[in-house]
Amino acid sequence: MDVYSDIDMHNYDILNQSDVRLKTNIHNTQVNALDIINRIEMKEFDWIENNESLTADEMEEKAMDLYEQWINEPNEELGGISVKQYFENVTEPQVAIKMLIEETQNGSPSTLLLDRILELDCSQQLKDLIIADNLPEVKIQAINLLLEIGANHPVEKYIQIMCNKEEDEGLRELCVETLSTMPNEVSSYLFALIPHADYELKGLIAEILVGANKDEKIYCAAAGVETDPAAKPLTAL
């Protein structure tokens, strides 16, 4: 659908248009881009004087109407039921999680599936996805869903991912962001890392601890001093 009017972003930006943090296996392409561009047939035209266009608000309303029509109309490929009914028929968390893995591997999971997972009690299955050997994109989806649910997180796994420089960068950043929402709960784990952490890891730890309750241990940690002999080791990882 074309837009024929200005879009007021109210001082916000359009995010994730081409975010390197969301990508892996970046390398030079073998595609001859110039050859593809040269194959594009250029057209010129004159506008019809009475041509009517949609405003941005009208376009958004129209798009929502078309979406609602699509999810509610019978679908032959689904045996005559609607797309909405198809996802409502998913009642087992294991089935929903399997669909999440498959859809994420093939691109992006549908909003209807994500909403259904939020409706079901899938917290434990989502934690298992993060702990198991799954694609980074699958783990990112699982973490975001846990955040929306408001469930407990496998924080030790997040710390392990944060410490591993071979992990996907987007996944590492999301783990740091999530740990930053619970600095007091994870501080004892982070104190144990400081004596052996390199410069980058210390920076990530500081980014998390900056929101913790300010006490002597926090100030000493900022100075690189180990003050908590009872800090929890990450042996369980």
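Cut-offs used in this document
Residues numbered from 1 in each chain as written. Predicted model: local features only at pLDDT ≥ 70, side-chain atom pairs only at ≥ 80, totals over all residues. Heavy atoms only, no water. Helix = DSSP H or I, 4+ residues; strand = E, 2+ residues; numbered from the N terminus. Buried < 20%, exposed > 50% of the residue type's maximum accessible area, 1.4 Å probe, protein only. Contact = heavy atoms within 4.5 Å. Areas by Shrake-Rupley, 256 points an atom, 1.4 Å probe, with all protein chains shown as cover. Salt bridge = Lys/Arg side-chain N within 4 Å of Asp/Glu carboxyl O. Phe/Tyr/Trp six-rings, centres within 6.5 Å; stacked < 30°, edge-to-face > 60°. Patch = residues over 30% accessible without salt bridge, like charges linked within 9 Å, V, L, I, M, F, W, Y side chains within 5 Å. Lys, Arg positive; Asp, Glu negative; His and termini not counted. Charge placed at Lys NZ, Arg CZ, Asp CG, Glu CD.

> I'm lost on the overall build of the protein chain in this one. Help?
Looking only at helices and strands, the protein chain features twelve helices and zero strands. Per-residue burial over the protein chain gives 32% buried out of 237 residues. Within the protein chain, counting contacts between residues at least 6 apart in sequence, those at least 24 apart form 60% of the total. For the protein chain, the accessible surface area stands at approximately 16600 Å², while carbon and sulfur atoms represent 49% of it.

> Would you explain the pattern of salt bridges in this entry?
Two side chains with opposite charge may pair up if their charged atoms get near one another. Following the criterion strictly, the structure yields five salt bridges and no others. Between K165 and D198 there is a salt bridge; the shortest N-O distance is 2.7 Å. Pair noted here: K165 is in the loop between helix 8 (155-163) and helix 9 (169-179) and D198 is in the loop between helix 10 (183-193) and helix 11 (199-209), with a separation of 33 residues, a long-range link. For R172, the salt bridge is made with E169, and the minimal N-O distance between the two is 3.7 Å. One end of the pair, R172, and the other, E169, are both in helix 9, three residues apart, so they sit about a helical turn from each other. When its relative accessible area of 41% is taken as the criterion, E169 is described as partly exposed. Through salt bridges with shared partners, a single ionic network connects K165, E169, R172, D198 and E200.

> Before we go on, may I ask you to explain the packing of aromatic side chains in this structure?
Two aromatic rings, taken as a pair, are described by how far apart their centres are and by the angle between their planes. If you walk through the whole model with that rule in mind, you get two aromatic pairs. Between the aromatic rings of Y86 and F87, the centroid separation amounts to 5.2 Å while the plane-to-plane angle is 80°, which identifies the pairing as edge-to-face. Residue class for Y86 comes out partly exposed when judged on its relative accessible area of 34%.

> Help me out: how do you make sense of a negative patch on the surface in this one?
A cluster of acidic residues, D57, E58, E60, E61, D65 and E68, forms a negative patch on the protein surface. On the accessibility criterion, E60 (53% relative accessible area) is exposed.

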